[in-house]
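Reading the structure
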Amino acid sequence: MASETHDAAGQAASTPGLPQLDLSTFGNQIFWLLVTLVVIYFVLSRIALPRIAAVMAERQGAITNDLAAAEDLKAKAVQAEQAYLKALADARTEAQTIVGQAKAEIKAELDAATAKADAEIAARAAEGEKKIAEIRANAIDSVKEVALAAAAEIVAVMGGKADAKTVGAAVADRMKG
Amino acid sequence: MATEAHGAGEPGLVFHPMDQFMVKPLFGEGAVGVFTLTNVTLWMALTVLAIFALLVLGTSRRATIPTRTQSVAELLYDFVRKMVEDVAGKDALVFFPYIMTLFLFILFANFLGLLPMAFTTTSHIAVTAVMAMMVFLTVTIVGFVKHGAGFLGLFWVSSAPLALRPVLALIEVISYFVRPVSHSIRLAGNMMAGHAVVKVFAAFAPMILISTGIGLVVTPLSILAISTIYALEVLVAFIQAYVFTILTCVYLKDALHPSH
């Protein structure tokens, strides 16, 4: 500034045309400039800048919060979806177990019924066989009796004396044979 | 702006391109004392009011979703803050209000000076020199307070060959002291030149009232020229505020980190 001041001093006298170099107004300009700058500085540093900084920080905070909330909601939605899918899968497996159980029950009942029927059939068959055997045995006895009687008659007719014991032995021997 | 170019009864064109820069008392005539209310006072007060309106009234609602005015205020805030941070570093943010003050004052003074009949405070070397000296003193004092004699390392180019260093140091010292001069004259010169050129063309504009023949050509041309230069001046008004501020940041970086 010092050099300009010297220039201005030299020229202010000779060229009244350039108001910038009119030294007599320098004091006034500098005074009002300093007043202006001080006022602006205080307005800015006390009111404007902190306020703008606060507003911008608040906005940044709001944006961050909103993003976090969105993230949260998204996670919740994913969770809900997973829960839904899990419930669905659970229901499906349960249905399958129920179906399996029912099937097993039915099969067991069927098996039991079949076994019972089989047993009954077997019992009846055994009874039948027993009766057949009895009938057969009866038949043999009757044949034996008839054979004894017939043999004794025949012997008597032939003139022999039918010894019951001998006849019996002979019939039994024949019937074996 | 052009009204006084054809004074009543005066023949021909009248050129007073520098009259717009005259510092005059607001009330009455007479000498300009230090505390006289002058057009400087008026336009600086208007600058303060404009800044107050934009940055305080404009943000008074503290809206999370900003209004237009608040957006502009936030834009300016971010613009200068980023500039300080990027150019001068994070530790320079202490000076942010100071730099913001300079930037806004120059910006608004430049733009208000573009209004017709306005007085451009930043076209005066007295104003810009004070601001440049403030920056120069701040940088020098901060440099010495932070780094002591180490701040002189700024002038000692350690990456240059040893033989060259004294020469370079001399050049660096000179360039350091020339800084406030170029810093202030760049701004005042740009503002003064642009306004003076507009005024010269404005003086040509009423040519048609003097001579219809030449006027048919000269008047439209000068009006076109005024419009063009005015548009350029709008750009310059912003760019000069920006340049002044970014240079302040660059100088401040030297003070905070003097190593080359």
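Residues numbered from 1 in each chain as written. Chains lettered and ligands numbered in written order. Predicted model: local features only at pLDDT ≥ 70, side-chain atom pairs only at ≥ 80, totals over all residues.

1. Some details on the overall build of chain A
Within chain A one finds three helices and zero strands. Taken from the N to the C terminus, the helices and strands of chain A come in the order α-α-α. Counting only residues that meet the buried cut, chain A has 10% of its 177 residues in that class. (Helix = DSSP H or I, 4+ residues; strand = E, 2+ residues; numbered from the N terminus. Buried ≥ 20, exposed ≤ 12 C-beta atoms within 10 Å, placed from the backbone.)

2. Looking at the overall build of chain B
Along the backbone of chain B there are seven helices and zero strands. Going from the N terminus to the C terminus, chain B shows its helices and strands as α-α-α-α-α-α-α. Considered along the principal axes of its C-alpha atoms, chain B spans approximately 70 × 55 × 40 Å. In chain B, which comprises 260 residues, the proportion classed as buried is 35%. Counting contacts in chain B only where the partners sit at least 6 residues apart, residues at least 24 apart contribute 65% of the total. (Contact = placed C-beta atoms within 7 Å.)

3. Some words on the interface of chain B and chain A
For an interface, size is often stated in terms of accessible area lost upon the parts coming together. Each partner contributes to the interface: chain B provides 43 residues, whereas chain A provides 35 residues. At the level of elements, α1 (39–57), α2 (68–88), α3 (96–113), α4 (125–147) and α5 (165–204) of chain B are the ones that each hand at least two residues to the side of chain B that touches chain A. Looking at the side of chain B that touches chain A element by element, the count peaks at nine residues for α1(B).

4. Some thoughts on the nonpolar core
Counting 60 residues, the largest nonpolar core has B:V84, B:I99, B:F103 and B:I106 as the members making the most contacts within it. Contributions of two or more residues to this core are made by α2 (26–158) of chain A together with α1, α2, α3, α4, α5 and α7 (212–256) of chain B. In terms of residues, this core owes the most to one element, α3(B), which gives 13 residues. Aside from chain neighbours lying at most four places away, what touches B:I99 is B:V80, B:V84, B:T245, B:T248 and B:C249. Counting residues in hydrophobic clusters, the runner-up holds eight residues, among them B:V198, B:A203, B:A205 and B:I226. (Core = buried A, V, L, I, M, F, W, Y, C linked by C-beta atoms within 7 Å.)

5. Concerning the confidence of the model for chain B
Residue and element names in this part refer to chain B. The pLDDT averaged across chain B works out to 89; a share of 95% of its residues lies at or above 70. Looking at the elements of chain B, mean pLDDT is at its lowest for helix α6 (residues 207–210), recorded as 83, and at its highest for α3, recorded as 95. Counted against residues more than four places away or in other chains, residues 1–10, with its pLDDT under 50, gives 18 contacts. The complex model carries a pTM of 0.73, and its ipTM stands at 0.88. (pLDDT = per-residue confidence, 0-100.)

6. Here's the deal with the packing of α3(B) against α7(B)
For any two helices packed against each other, the geometry is given by the interaxial angle and the distance between the axes. All names here are of chain B. At a minimum axis separation of 8 Å, α3 and α7 run at an interaxial angle of 160 degrees. Of the possible angle classes, the one that applies to α3 and α7 is roughly antiparallel. Both α3 and α7 take part in a crossing whose hand is right-handed. Only A237, F238, Q240, A241, F244, T245, T248 and C249 of α7 make contact with α3, whose side of the interface consists of I99, L102, F103, I106, L107, N110 and F111. (Axes fitted to C-alpha atoms, helices over the stretch in contact; angles between N-to-C directions. Parallel < 35°, antiparallel > 145°, perpendicular 65-115°, else oblique. Left-handed = near helix turned anticlockwise from the far one by under 90°.)

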